[in-house]
Amino acid sequence: MTDNERNTEDRLRDALSAYEQVEPAGDAWGKIRAGVNAKQTKRRTVFWSSLGLAGAAAAVVAVIGFAAVRSGDDGERVVSNPPTIPRVSSRSRTRASSAATTRPVATRASSRKPVGRSVPTSRRPPSLWRKTGPSFSVAG
Amino acid sequence: MPAQQPVEVVTRDRDRLLSELYQEHYRSLVRLAVVLLDRRELAEEVVQEAFIKLHGKLDRVKDQSRIDAYLRSIVMNLARSRMRRRMVARKHPPEPMLDAPGADADIDLRDDQREVVDALRSLPARQRDCLVLRYYQELSEAEIAETLGISKGSVKTHTSRGMAALTKVLEVSV
C-alpha cells in the first residue's frame, strides 16, 4: 500500500465515522412488527385460498370421475329366458320382441339397423340391445 | 444448541430472536445503509424490509451464529437493488420535488469528508461495498466474503482495487 493509499484509508475512515451520528427514527420496531404481521396474514390467506382451490378442484375431479363411472355402468341387465331377438321391421325400424310372448319390447325403436352385436332401439332414454353369448341384454 | 444444528424456531421464538437482532443490529445497519443510499428514510425502509424478510426465513437459517451476517447480506442486496432502481430513475427523471430533502440531509459532513464519500459512491458497486464493509463495519475479509457471497480472494482484489481507484479520484479532485 502506498503512502497515498494509506492517507486515503485514513480519510475514508474519518469520512465514514461521520455516519455514526445517524440515529434511526423511534417507531421502527412497530413498523417491522406490522410488516411481519401483514406478511403472515397474507401467507395465511394464500394458504387457505390454495387449500380451498385444491378442495374445489378435487370435488370437480370426483364429480367427473363419478359421472364417468356411472356412464360406463349402463345398467345392463341380462334378459334371460327367453331372449328377445332384435329385428328390423318392414319399415326399417329395429324392433325387439320377446320370444316368449312375441310382443315387442322396445316400441320406440330407432330406424338404425343393428351394428355388429349391438342394436340401438331408442334415442331417449338410450337403450341398447346387445348380444351377449346366447342371450341378449338390454342397457337402459 | 450447537451452532451447526438447524434452528427449530417456533413463531414465539422467532419473534424473540428478531427482537434481539433488532436491539443489537438495527442502528448499525441503518448507518450502513445510509452510507450506501445517502438518505436516512430510504435506509430505514431497506433495513426494516430486511428484518421482515429475515423473519420469514429464520427457520431456514442453518447456523444461528451466522444470522447477523445473513441479515447484513439482505440489507446489502436490498440497498444495491434500490441504488440500481435509483440509477434507472435518474435516466428518466420525474418532475423535481421542491420540498424533497437533498442527499445526506440528515448528516453533517465536512467538505473533505463529503469529497471522500462522493468519490466512494463513484466506484463500482463491489469495490464500494468491500470498502464500506472493511472500513466502516470493520469486518474481516472472511466476513465480507460471507456477506457479499463472494470468495475471500475476490474481497481482497475488490478492496485493493477500490482503494487504488479511490486514491486516484481523490488525487484528481485535489
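Residues numbered from 1 in each chain as written. Chains lettered and ligands numbered in written order. Predicted model: local features only at pLDDT ≥ 70, side-chain atom pairs only at ≥ 80, totals over all residues. Heavy atoms only, no water.

(A) Seen up close, the interface of chain B and chain A. Facing the 42 residues of chain B at the interface are 29 residues of chain A. Together chain B and chain A conceal approximately 3300 Å² of surface at their shared face, both sides included; 62% is due to carbon and sulfur atoms. A per-residue breakdown of the area chain B buries against chain A is headed by R31, I52 and Y135 of chain B, which together make up 19% of the total. Summed over the shared surface of chain B and chain A, the result is seven salt bridges. Across the pair D15 of chain B and R33 of chain A runs a salt bridge whose closest N-O atoms are separated by 3.2 Å. Across the contact surface, chain B and chain A share 16 residue pairs in polar contact (both at pLDDT 80 or more). Breaking the side of chain B that touches chain A down by element, the ones donating at least two residues are α1 (11–37), α2 (40–57), α4 (111–121), α5 (125–135) and α7 (152–173) of chain B. For the side of chain B that touches chain A, the element with the highest residue contribution is α1 of chain B, accounting for 11 residues. Grouping the constituent residues of the side of chain B that touches chain A by class yields 20 nonpolar, seven polar and 15 charged. (Contact = heavy atoms within 4.5 Å. Buried area = accessible area lost by both parts, 1.4 Å probe. Salt bridge = Lys/Arg side-chain N within 4 Å of Asp/Glu carboxyl O. Polar contact = N/O pair within 3.5 Å; in protein donor to acceptor, adjacent residues only side chain to side chain. Helix = DSSP H or I, 4+ residues; strand = E, 2+ residues; numbered from the N terminus. Nonpolar A, V, L, I, M, F, W, Y, C, P; charged D, E, K, R; others polar.)

(B) Fine view of α4 of chain B. For α4 of chain B, the set of buried residues is Q113, V116, V117, A119 and L120 of chain B. Taken around the axis of α4 of chain B, the buried residues stretch over an arc of 160 degrees, which confines them to a single face. (Buried < 20%, exposed > 50% of the residue type's maximum accessible area, 1.4 Å probe, protein only. Arc of directions from axis to C-beta.)

(C) A look at a positive patch on the surface. On the surface, K39, K42 and R43 of chain A together with R60 of chain B cluster together into a positively charged patch. Following the sequence through the fold, R43 of chain A ends up in helix α2 (residues 28–72). (Patch = residues over 30% accessible without salt bridge, like charges linked within 9 Å, V, L, I, M, F, W, Y side chains within 5 Å. Areas by Shrake-Rupley, 256 points an atom, 1.4 Å probe, with all protein chains shown as cover. Lys, Arg positive; Asp, Glu negative; His and termini not counted. Charge placed at Lys NZ, Arg CZ, Asp CG, Glu CD.)

(D) Main features of α5 of chain B. Counting buried positions over the 11 residues of α5 of chain B gives eight, a clear majority of the element. Along α5 of chain B, the residues that are buried comprise Q127, R128, D129, C130, L131, V132, L133 and Y135 of chain B.

(E) Focus on the pattern of salt bridges. Throughout the structure, instances matching the rule amount to 20 salt bridges over all chains. Measuring nitrogen to oxygen at the nearest pair gives 3.6 Å for the salt bridge that ties E9 of chain A to R13 of chain A. Separated by four residues within a single helix, E9 of chain A and R13 of chain A lie in helix α1 (residues 3–17), roughly one turn from each other. Close ionic contact of R11 of chain A with E115 of chain B constitutes a salt bridge, the shortest N to O distance being 3.2 Å. One end of the pair, R11 of chain A, is in helix α1; the other, E115 of chain B, is in helix α4, on a second chain. Because the salt bridges share partners, they merge into one network encompassing E20 and E23 of chain A together with R27 and R31 of chain B.

(F) Expanded view of the nonpolar core. Residues L12 and Y19 of chain A together with F51 and L120 of chain B are the most contacted members of the largest nonpolar core, which totals 61 residues. With 13 residues, the top contributor of residues to this core is α1 of chain B. (Core = buried A, V, L, I, M, F, W, Y, C linked by side-chain atoms within 4.5 Å.)

(G) Fine view of the side chain of Q137 of chain B. Relative to the helices and strands, Q137 of chain B is located in the loop between α5 and α6 (141–148). For Q137 of chain B, the contacting residues outside a window of four places in its chain are S28, L32, R72 and V132 of chain B.

(H) Highlighting the environment of E141 of chain B. Residue and element names in this part refer to chain B. Looking at the secondary structure, you find E141 in helix α6. By relative accessible area, E141 is classed as partly exposed at 32%. Here the alpha-carbon distance between E141 and S154, two residues 13 residues apart in the chain, equals 9.4 Å. Non-local contacts of E141, meaning those with residues more than four positions away in its chain, are made with K152, V155 and K156.

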